[in-house]
Each structure stands twice: as structure tokens, then as C-alpha cells.
Amino acid sequence: MTVDELLDRFKNECPVAMGTRLVLNHLLSDERMDTLFATHAGSQRCGELLFSSVADIMACVALNIKPSVNAAYKKHKEKLKVSVTSVYNKLQGIETQVSRALVSETAAELSQLWDHLEGPKPPPVLSGYKTRIIDGNHLAGTEHRIKELRTLGAAALPGTTIPILDPDKKLLVDVILSRDGHANEATLHPEILELVEKGDVWIGDRHFASQKMMTTIALDKKAFFVFRHSKGLLPNWESQGERRKIGRCDGGTIYEQKIAFTYQGRTICPRRVTIELDTPTRKGDTAVHVLTNLPSRVSAKSVANAYRKRWNIETAFQHLATTLNSEINTLGYPQAALFSFCMSMMM
């Protein structure tokens, strides 16, 4: 059997496995990793230990091939020819813009691949709109292995992330990173707003439903939001009409009401879509209220269903936690922990 015949056999009988192998070979190639580092690194330099070598080590841990950075280092020790201390020093110095580029540039390439795929694709969450789902995530507390953490009673939180999901392509397309593990999502709103483009629809939970966030998206960005209503973040809204019963959706009954609020002298009039739940949530909520400035041609039921798709990003996190080792609890240094999380997102 010739090589061409062998490859044709794999292509015909195991196309998904073969395609996945080719994609991973490209995404994790030394040349691509070192080019990405050279493009995005600021103060950190390549030195004796290449970024691609550190990425290899972290990939072993993220894919659960090895249980820890130290175990992965031992596997690559002969090839690396540096001490494990050098590896940890490199990890704690990886800048957040490098980690973020791992996610965004990988997603851009995979998005192009998706666009060229033939065959049927699932319907979009909201037809005619580019949709993005956001959710805050505080990385798990770490063990007290490094000197800076040994005097702390509680586990240290090494970072905060806001991953951004394209629900139509099932791709984590970007991530906003903070080295402050206790950061509130609101402090990262300006970075989210930088990504909003005209006509986008951004979906998120109550942590993103601030007056400034919604006003900026609607009036300045000419885009749309579907955010869960929080009385604390929007205390002074006013009703603009009676609440109307729309009908049923899976798990509840839908109502709709026009409201208005003013922020710094600027008024917007979103809809307040309410799902009266058949069964209370785990936190005891009997209803979910969602605010949106989408036009009325997008039905309240479509808005409710779109918000329910927000759980896709939580499902993605679950896959990261159960399939991959996305949060390594021995990496107390924020930049190392964020790099680990981004490597898992990338894969």
C-alpha cells in the first residue's frame, strides 16, 4: 500500500479524526506559537526557553496527559535543557495579551474553517444578527505553594476572565483577562465595549446589565443587548405600558413590557421580557426578567430563547473543567493561571 493510498483510507474512513489531527498540528506548531509570542509580547523576551516549549508543557497539562507542570517538564526535560525553575519563571511572566491572542487568533482561523464547511448547519440563535454571549469566571483558588500565598488563610484567586462565545459557531472567540481574581465584572465593562460592533447582539447575565453598559451599546455602538434585569443595577426604571402575556416557552410563560430609564441625561426604552418559571431555579427565583433593545420584529419568545442560549457558555466551561485541566490549582501566579486557562480555551 502506498502512502497516498494509506492517507486516502484514513480520509475516507476516519475523516473527523484525521481532520482534527491536522488542525491541532497546525494550531500547536512551534512556528505558529513562537510567531504569536513575537507579535504580541511586550516586555518579556524569548531567551533560552522558547514560548513554543512552554506551550507544549501547558498543553500536556491542559489535555490531562500529565497531572502537573512539573510532571510535564520531566517528560520534556531532555529537549528543554533548562531547569524547572526557568519554566515556572517563564510561566509567571507570560503577559495577558499573549494569552488572549492564543484564544482570539485561534478562533479567527477556526471561524474561517467553519465558513468553508459544507453540509447543513444549525440555525442561528437570532437570524440576521451576529451574536456574542459573555460570562464572568473567577479562576479557582490555588494551593499555597508559592511564598507570596503562604500567609493567606483562604485560597488565593489567581485571576478573572470573561470569555466570549459565538453560539452559532460554538466557538470561544475571545477572552478578557484580569490578574485581579476578586475583580468585579463591572470593572471590565470598558474592555467589553471596545469589542462591540454596530448591529451586534450581546447576551449576558445580570452582572453586565448596568445603565452605562446598556446605554453605550444602544446609543453609541448602535448595537443590541439581551441582559438579565437586576434591580440593583437598574433601580429607577419606569413602566411605559401594561405588561402583556405573550405565550409559552419551554419551562414557563412569557410576558412583555415596555420600560424606560435615563442615564446621564440619555434615555432608552428597552423591552422587559419576563419568563414566569414553572419550576423555581436552584436559587429560588420564580421568574427571570430580561432587558433588550432589539426591535419589536424580534419576538419576546425569540429574546427569551436567545437568553436561554447563554447557558451554552456555562456548558463550555463544564467541558473545560471535566475534559480539560483548565484551572491548575498549583499556579498561584495570575499570569501563569490565565495562560493555562487560555490554553484550554484554545483547545
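Here the structure is shown first, and the text comes after it.
Residues numbered from 1 in each chain as written. Predicted model: local features only at pLDDT ≥ 70, side-chain atom pairs only at ≥ 80, totals over all residues. Heavy atoms only, no water.

Participant: I'd like to hear about the overall build of the chain, residue by residue, with values.
Facilitator: What the chain contains, in helices and strands, is 12 helices and 12 strands. Evaluated residue by residue, the chain yields a buried proportion of 46% over its 347 residues. Entry remark: accessible area of the chain is about 17900 Å², with carbon and sulfur atoms responsible for 51%. (Helix = DSSP H or I, 4+ residues; strand = E, 2+ residues; numbered from the N terminus. Buried < 20%, exposed > 50% of the residue type's maximum accessible area, 1.4 Å probe, protein only. Areas by Shrake-Rupley, 256 points an atom, 1.4 Å probe, with all protein chains shown as cover.)

Participant: Account for the side chain of Glu95, with residues named and values stated.
Facilitator: With respect to the secondary-structure elements, Glu95 resides in the loop between α6 (84-93) and α7 (96-116). The side chain of Glu95 sits in the buried core without any salt bridge; Arg45 is the nearest counter-charge, 6.5 Å away. Only 2.8 Å separates the side chain of Glu95 from the backbone nitrogen of Gly42, close enough to count as a polar contact. For Glu95, the residues in contact, after removing those within four places along its chain, are Ala41, Gly42, Ser43, Gln44 and Gln335. (Lys, Arg positive; Asp, Glu negative; His and termini not counted. Salt bridge = Lys/Arg side-chain N within 4 Å of Asp/Glu carboxyl O. Polar contact = N/O pair within 3.5 Å; in protein donor to acceptor, adjacent residues only side chain to side chain. Contact = heavy atoms within 4.5 Å.)

Participant: Pulling in residues and values, what's your account of the packing of α6 against helix α12 (residues 334-346)?
Facilitator: Running from N to C, α6 and α12 point in directions that differ by 85°, and their axes come no closer than 6 Å. If you check the angle between α6 and α12, you find them roughly perpendicular. Each of Leu91, Gln92 and Gly93 in α6 lies in contact with α12, whose residues at this interface are Gln335, Ala336 and Phe339. In terms of residue class, the contact of α6 with α12 is made up of 3 nonpolar, 3 polar and no charged. (Axes fitted to C-alpha atoms, helices over the stretch in contact; angles between N-to-C directions. Parallel < 35°, antiparallel > 145°, perpendicular 65-115°, else oblique. Nonpolar A, V, L, I, M, F, W, Y, C, P; charged D, E, K, R; others polar.)

Participant: For unusual backbone geometry, give the residues involved together with the corresponding values.
Facilitator: Even without being a glycine, Lys170 presents a positive backbone phi close to 55°. Secondary-structure assignment places Lys170 in the loop between β3 (160-166) and β4 (171-178). Accessibility expressed as a relative area gives 53% for Lys170, which makes it exposed. In the Ramachandran plot, Gln264 falls in the positive-phi region, its phi being about 50° despite a non-glycine side chain.

Participant: Which residues make up the nonpolar core, and what are the values?
Facilitator: One finds Leu126, Val201, Val226 and Leu294 to be the most contacted residues of the largest nonpolar core, which totals 32 residues. Mapped onto this core, the elements with two or more residues apiece are β4, β5 (201-204), β6 (224-228), β11 (271-277), β12 (287-292), α10 (300-308) and α12. Setting aside anything within four residues of it in sequence, one finds Val226 in contact with Val201, Trp202, Ile203, Gly204, Val290, Leu291, Thr292, Leu294, Val303 and Tyr307. Listed in part, the 28 residues of the second largest apolar core include Leu49, Leu91, Phe339 and Met346. (Core = buried A, V, L, I, M, F, W, Y, C linked by side-chain atoms within 4.5 Å.)

Participant: Please provide a residue-by-residue account of the packing of helix α3 (residues 30-40) against helix α4 (residues 51-62), values included.
Facilitator: Where α3 meets α4, the closest approach of the two axes is 8 Å, and the angle between their N-to-C directions is 115°. Where α3 crosses over α4, the two elements pack in a sense that is right-handed. Residues Asp30, Met33, Asp34 and Phe37 of α3 touch α4, and the partners they reach there are Phe51, Ser52, Ala55 and Asp56. Grouping the constituent residues of the contact of α3 with α4 by class yields 4 nonpolar, 1 polar and 3 charged. (Left-handed = near helix turned anticlockwise from the far one by under 90°.)

Participant: Account for the pattern of salt bridges, with residues named and values stated.
Facilitator: Tallying each qualifying case throughout the model produces 16 salt bridges. With its nearest N and O atoms 3.8 Å apart, the salt bridge here joins Asp285 to Arg206. On the criterion of sequence distance, the pair formed by Asp285 in the loop between β11 and β12 and Arg206 in the loop between β5 and α9 (211-220) is long-range, its members being 79 residues apart. The class of Arg206 is partly exposed, set by a relative accessible area of 31%. The exposure class of Asp285 is partly exposed, given its relative accessible area of 24%.

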